[in-house]
Amino acid sequence: MTNNNVTFEEIVEQNERRIHYHIHRLNIRDTEQEFFQEGLVAMWNAYEKHQPDKGPFTTYFNYIIRNRLIDLIRKTNREKEKQILLNIEQKRLLHNGNCYRSHVISYPMMIAEKPITDEIFWEHVKKQLTGNQWKWVTYFIIENMSVKEIAEQEGVSMEAVKSWGKEARRKLKCGVARY
């Protein structure tokens, strides 16, 4: 039930400081005025729904504005947490060793749907590599194991496995082209 004697513009003019008060009390940094806008919407809802027999306007405004600001804080915090988790997952995928990196850009390595079964090809590849580099080719490319799994199986660090892969790629970049 609205108060027909007072317009909403007058209510805003009289109670605008109330929104700023709650923003300050909740220690909100409102650089983009998002919380102030939420306070105005809360004030509009309170203006529309206020029932004079239930209590004074000011008490109801304080209650509605404060709770809406707290809800918005919770919502933005959840969104920030989701973004942080997404960033962590993207970094994990970027650094798991199963991708090709060129400067800043990272591309996932594509695994062929059909493995190459040409024994002559694999013998040619094996001749160009050291034992550890061949292990990397076997486990990483053929058996589709992660760098972490290879490191655990071979009892070495992940950096060692990555080094095997880096050197194998470097050698194979030139050597397989001549095949």
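In this text, all values refer to a predicted model and were calculated from it rather than measured experimentally.

I tried to follow the overall build of the protein on my own but got confused; where do I start?
Helix and strand counts for the protein come out as 7 helices and 2 strands. Across the protein, helices and strands are ordered from the amino to the carboxyl terminus as α-α-α-β-β-α-α-α-α. In the protein, which comprises 179 residues, the proportion classed as buried is 28%. Taking contacts inside the protein between residues at least 6 apart in sequence as the whole, the part at least 24 apart equals 60%. By element, 53% of the accessible surface of the protein is carried by carbon and sulfur atoms, the whole surface being about 13,200 Å².

I keep staring at the packing of helix H1 (residues 8-25) against helix H2 (residues 34-49) and nothing clicks. Help me out?
How two helices pack is summed up by the angle between their axes together with the distance between the axes. In contact at an axis separation of 10 Å, H1 and H2 are set at 130 degrees when each is read in the N-to-C sense. Classified by the interaxial angle, the pair formed by H1 and H2 is oblique. Crossing of H1 over H2 shows right-handed handedness. Between H1 and H2, the residues in contact are Phe8, Ile11, Val12, Asn15, Glu16, Ile19, His20 and Ile23 and Phe35, Phe36, Gly39, Leu40, Met43, Trp44 and Tyr47, respectively. Partitioned by chemical class, the residues of the contact of H1 with H2 number 11 nonpolar, 3 polar and 1 charged.

Please explain the pattern of salt bridges as it appears in this structure.
Side chains carrying opposite charge are able to pair once their charged atoms draw close together. In total, this model carries 4 salt bridges according to the counting rule given. Of the charged contacts, one joins Arg68 and Glu38 as a salt bridge, the two residues approaching to 3.0 Å between their closest N and O atoms. Separated by 30 residues along the polypeptide, Arg68 in helix H3 (residues 57-94) and Glu38 in helix H2 bring together distant segments of the chain. Look at Arg68 and you get partly exposed, because its relative accessible area is 22%. With a shortest N-O distance of 3.8 Å, Arg74 and Asp71 are connected by a salt bridge. With Arg74 and Asp71 both in helix H3, this residue pair falls 3 residues apart, about one helical turn. Residue Asp71 is classed as partly exposed on the basis of its relative accessible area, which comes to 42%.

Would you explain a nonpolar patch on the surface in this entry?
Taken together, the side chains of Ile84, Leu85 and Ile88 make up a nonpolar region of the molecular surface, amounting to roughly 310 Å² of accessible area. Along the polypeptide, Leu85 turns up in helix H3. For Leu85, a relative accessible area of 58% translates into the label exposed.

Would you take a moment to explain the environment of Val156 for this structure?
Note that Val156 resides in the loop between helix H6 (147-154) and helix H7 (158-175). On the basis of relative accessible area, Val156 is assigned to the partly exposed category, the value being 32%. Those residues in contact with Val156 that sit more than four places away from it in its chain are Ala151, Val161 and Trp164.

Explanation requested: helix H4 (residues 119-128) in the structure shown.
Note that an α-helix has 3.6 residues per turn; residues three or four places apart therefore point the same way. Taken together, the buried positions of H4 are occupied by Phe121, Trp122 and Val125. Taken around the axis of H4, the buried residues stretch over an arc of 95 degrees, which confines them to a single face. Seen from the open side of H4, the exposed residues pointing more than 90 degrees away from its buried face are Glu119, Ile120 and Lys127.

It is not clear to me how a negative patch on the surface should be interpreted in this structure. Could you clarify?
Taken together, the side chains of Glu9, Glu10, Glu13 and Glu16 present a region of like negative charge at the surface. Considering the arrangement of structural elements, one finds Glu13 in helix H1. A relative accessible area of 69% means that Glu13 is categorised as exposed.

Calculation rules
- Residues numbered from 1 in each chain as written.
- Predicted model: local features only at pLDDT ≥ 70, side-chain atom pairs only at ≥ 80, totals over all residues.
- Heavy atoms only, no water.
- Helix = DSSP H or I, 4+ residues; strand = E, 2+ residues; numbered from the N terminus.
- Buried < 20%, exposed > 50% of the residue type's maximum accessible area, 1.4 Å probe, protein only.
- Contact = heavy atoms within 4.5 Å.
- Areas by Shrake-Rupley, 256 points an atom, 1.4 Å probe, with all protein chains shown as cover.
- Axes fitted to C-alpha atoms, helices over the stretch in contact; angles between N-to-C directions.
- Parallel < 35°, antiparallel > 145°, perpendicular 65-115°, else oblique.
- Left-handed = near helix turned anticlockwise from the far one by under 90°.
- Nonpolar A, V, L, I, M, F, W, Y, C, P; charged D, E, K, R; others polar.
- Salt bridge = Lys/Arg side-chain N within 4 Å of Asp/Glu carboxyl O.
- Patch = residues over 30% accessible without salt bridge, like charges linked within 9 Å, V, L, I, M, F, W, Y side chains within 5 Å.
- Arc of directions from axis to C-beta.
- Lys, Arg positive; Asp, Glu negative; His and termini not counted.
- Charge placed at Lys NZ, Arg CZ, Asp CG, Glu CD.

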